[in-house]
Amino acid sequence: MLLFFWSREKERGGEGEGEGGERERERGRWGERGRGRERERERKREKEKKRSLFSPLFFLFFFLCFLFSLLLLLLLFLYQITRPVFAKYQSVVITSGTLSPLDLYPRILGFAPVVARALPMTLPRECMLPCVLARGADQSPISTKFDMRGDANVVANYGRLLVALAGCVPDGLVAFFVSYSYMDAAISAWHDAGILADLAARKLVFIETADVVETTLALDNYRRACDCGRGAVFLSVARGKVAEGIDFDRHYGRAVAVLGVPYQYTLSRPLRARLDHLREAFRVSESDYLAFDAVRQAAQCVGRVIRSKADYGLMVLADARYQRADKRDKLPSWISSRLRDAHLNLSTDMLVHVAAGFMRAMAQPPGEGEGAGAGLLSAEQANALDASGL
């Protein structure tokens, strides 16, 4: 019996070993299949990874090509607009208050002007006063150029400038920043330093936002504050909605300050494509176009306060770079002709003195020769224009 049980156990053990070997061989075959499937999944993952890397690059390339094509179509559209007009009419007159310098627009639009003149603005009295603020209240230079934009002292000096102007300028005061991000950072710094509270104690403060409804509501309340005599400050952004199409005539804008030089974002791909096209097609250098565009935008901002011969206003260009010839030469003649040497390189306290004297003079009734008809051309001026061929 013992031998029998032993032999049966041995036989069973042999059978178990045979079954185990079979299972091992089966497991090996399944392992080979599993490894093959794993390799197949690995190859699929590699293909998907390459495809995922390729698709964003392809989309970016396609998007850049689309932007460049759109820019070329826009320039072609502008050229197609001007060419039929010049072909249909014998004489075409193009006028604007911000067409300075006069030699750049014909080069961009592709035509040769017969006469190009910068005519003076006829006003009954000197009702506008442009000034260049180069130094803050602590006599340190102020500017929004890249290496000074994050300086807390420059931001604080801009805030103290608005506080000082709010104390000597009646009714409405408008300030234009170079960008929304810079305005947000400045307002936050003014709030922490208590400058915003000092400004709100003198005039009500309203701010332009990217939302159209909020900006419209802020403009409506700003006008109400000016109408009731409380006075208000409107903080806006160059190239925004307010700078492009809103007028601050009469008491809605007695002073306007442009805080910095409103250059475009130079790393923008559409702008880079535009600059390349202007350089290759019209030989317009990058620096010339950027400076022209920035100064034109600044002139458009300060021109918001002079909308009729009855208006008067203070124009403050708050950046040391406006003193340079490459900036002043690009200002329209109706601004540059009134920019005196005594109003350059001003500090905040000097500007307040000049502004207070200007506001007192404008509050007086017009003197002799400053009333109705004083803005008409004299006979000598008309003869001079006739002799020049206009």
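On a predicted model such as this, the values are computed, not experimentally measured, just so you know. (Residues numbered from 1 in each chain as written. Predicted model: local features only at pLDDT ≥ 70, side-chain atom pairs only at ≥ 80, totals over all residues. Heavy atoms only, no water.)

Asker: Just to check I follow, could you spell out the packing of helix H4 (residues 152–168) against helix H6 (residues 195–202) for this structure?
Answerer: Geometrically, a packed helix pair is captured by the angle between its two axes and the distance between the axes. Relative orientation of the contacting elements H4 and H6 amounts to 15 degrees, with a least axis distance of 9 Å. Classified by the interaxial angle, the pair formed by H4 and H6 is roughly parallel. By crossing handedness, the relation of H4 to H6 is classed as left-handed. Counted together, Ala-156, Gly-159, Arg-160, Leu-162, Val-163, Ala-166 and Gly-167 of H4 and Ile-195, Asp-198, Leu-199 and Arg-202 of H6 form the full contact between these two elements. Its residues assigned to classes, the contact of H4 with H6 shows 6 nonpolar, 2 polar and 3 charged. (Axes fitted to C-alpha atoms, helices over the stretch in contact; angles between N-to-C directions. Helix = DSSP H or I, 4+ residues; strand = E, 2+ residues; numbered from the N terminus. Parallel < 35°, antiparallel > 145°, perpendicular 65-115°, else oblique. Left-handed = near helix turned anticlockwise from the far one by under 90°. Contact = heavy atoms within 4.5 Å. Nonpolar A, V, L, I, M, F, W, Y, C, P; charged D, E, K, R; others polar.)

Asker: Could you clarify how one ought to interpret the packing of aromatic side chains in this entry?
Answerer: If you walk through the whole model with that rule in mind, you get 8 aromatic pairs. Ring plane angle 85 degrees and centroid distance 6.4 Å describe the contact between Phe-206 and Tyr-222, whose orientation is recorded as edge-to-face. Highlighted residues: Phe-206 in strand E3 (residues 204–207) and Tyr-222 in helix H7 (residues 212–227), separated in sequence by 16 residues. In this structure, Phe-206 and Tyr-222 share a single accessibility class: buried. Taking 6.5 Å as the distance between ring centres and 70 degrees as the angle between the ring planes, the aromatic pair formed by Tyr-312 and Phe-358 counts as edge-to-face. One end of the pair, Tyr-312, is in the loop between helix H10 (286–302) and strand E6 (313–318); the other, Phe-358, is in helix H13 (residues 348–363), with 46 residues separating them in the sequence. One exposure class covers both Tyr-312 and Phe-358, and it is buried. Ring-pair connections join several aromatic residues into one group, and the members of that group are Phe-206, Tyr-222, Phe-234 and Phe-248. One cation-aromatic arrangement involves Arg-149 over Tyr-182; the distance from NZ or CZ to the ring centre is 5.8 Å. (Phe/Tyr/Trp six-rings, centres within 6.5 Å; stacked < 30°, edge-to-face > 60°. Buried < 20%, exposed > 50% of the residue type's maximum accessible area, 1.4 Å probe, protein only. Lys NZ or Arg CZ within 6 Å of the ring centre and 35° of its normal.)

Asker: Would you mind showing me how to read empty space enclosed by the protein here?
Answerer: If a probe as big as a water molecule is rolled over the atoms, it shows which places are left empty. One pass over the structure, following the stated rule, counts 1 cavity of 30 Å³ or more. Of the volumes computed, that of the largest cavity is approximately 40 Å³. If you go around the largest cavity, the residues you meet are Pro-130, Ala-298, Ala-299, Val-302, Met-315, Leu-317, Leu-331 and Ile-335. Counting residues per element, the ones that place at least two in the lining of the largest cavity are H10 and E6. Top element by residues in the lining of the largest cavity is H10. It accounts for 3 residues. Split into classes, the residues belonging to the lining of the largest cavity amount to 8 nonpolar, no polar and no charged. (1 Å grid on protein atoms, 1.4 Å probe; cavity = no way out; pocket = protein on both sides within 12 Å on 5 of 7 lines; lining within 4 Å. Points joined across faces, edges and corners; volume = space filled by probe spheres on them.)

Asker: Would you take a moment to explain a nonpolar patch on the surface for this structure?
Answerer: Taken together, Val-85, Phe-86, Tyr-89, Val-92 and Ile-94 make up a surface patch of nonpolar side chains, about 410 Å² in accessible area. With respect to the helices and strands, Val-85 occurs in helix H1 (residues 2–88). (Patch = residues over 30% accessible without salt bridge, like charges linked within 9 Å, V, L, I, M, F, W, Y side chains within 5 Å. Areas by Shrake-Rupley, 256 points an atom, 1.4 Å probe, with all protein chains shown as cover. Salt bridge = Lys/Arg side-chain N within 4 Å of Asp/Glu carboxyl O.)

Asker: Just to check I follow, could you spell out the side chain of Asp-319 for this structure?
Answerer: For Asp-319, the location among the structural elements is in the loop between E6 and helix H11 (325–328). Residue class for Asp-319 comes out buried when judged on its relative accessible area of 0%. Side-chain polar atoms of Asp-319 contact the side chain of Ser-143, separated by 3.0 Å. (Polar contact = N/O pair within 3.5 Å; in protein donor to acceptor, adjacent residues only side chain to side chain.)

Asker: It is not clear to me how the layout of surface pockets should be interpreted in this structure. Could you clarify?
Answerer: Taken as a whole, the largest pocket holds about 1,200 Å³ of empty space. Lining the largest pocket are 34 residues, with Ile-94, Thr-95, Leu-99, Val-115 and Arg-117 positioned closest to its centre. Those elements that provide at least two residues to the lining of the largest pocket are helix H2 (104–109) and helix H12 (333–336). Empty space within the second largest pocket amounts to approximately 320 Å³. For the second largest pocket, the lining is made up of 14 residues, of which Arg-149, Tyr-263, Gln-264, Tyr-265 and Thr-266 are closest to its centre.

Asker: Explain the pairing of strand E1 (residues 128–133) here, please?
Answerer: Burial analysis of E1 places 6 of its 6 residues in the buried class, the great majority of the element. Along E1, one buried face is formed by Met-128, Pro-130 and Val-132 and the opposite face, lined by Leu-129, Cys-131 and Leu-133, is buried too. Direction of pairing for E1 relative to E6: parallel, over a ladder of 6 bridges. Residue Leu-133 lies in a different strand from E6, and its bridge partner there is Ala-318. (Pairing = 2+ DSSP bridges.)

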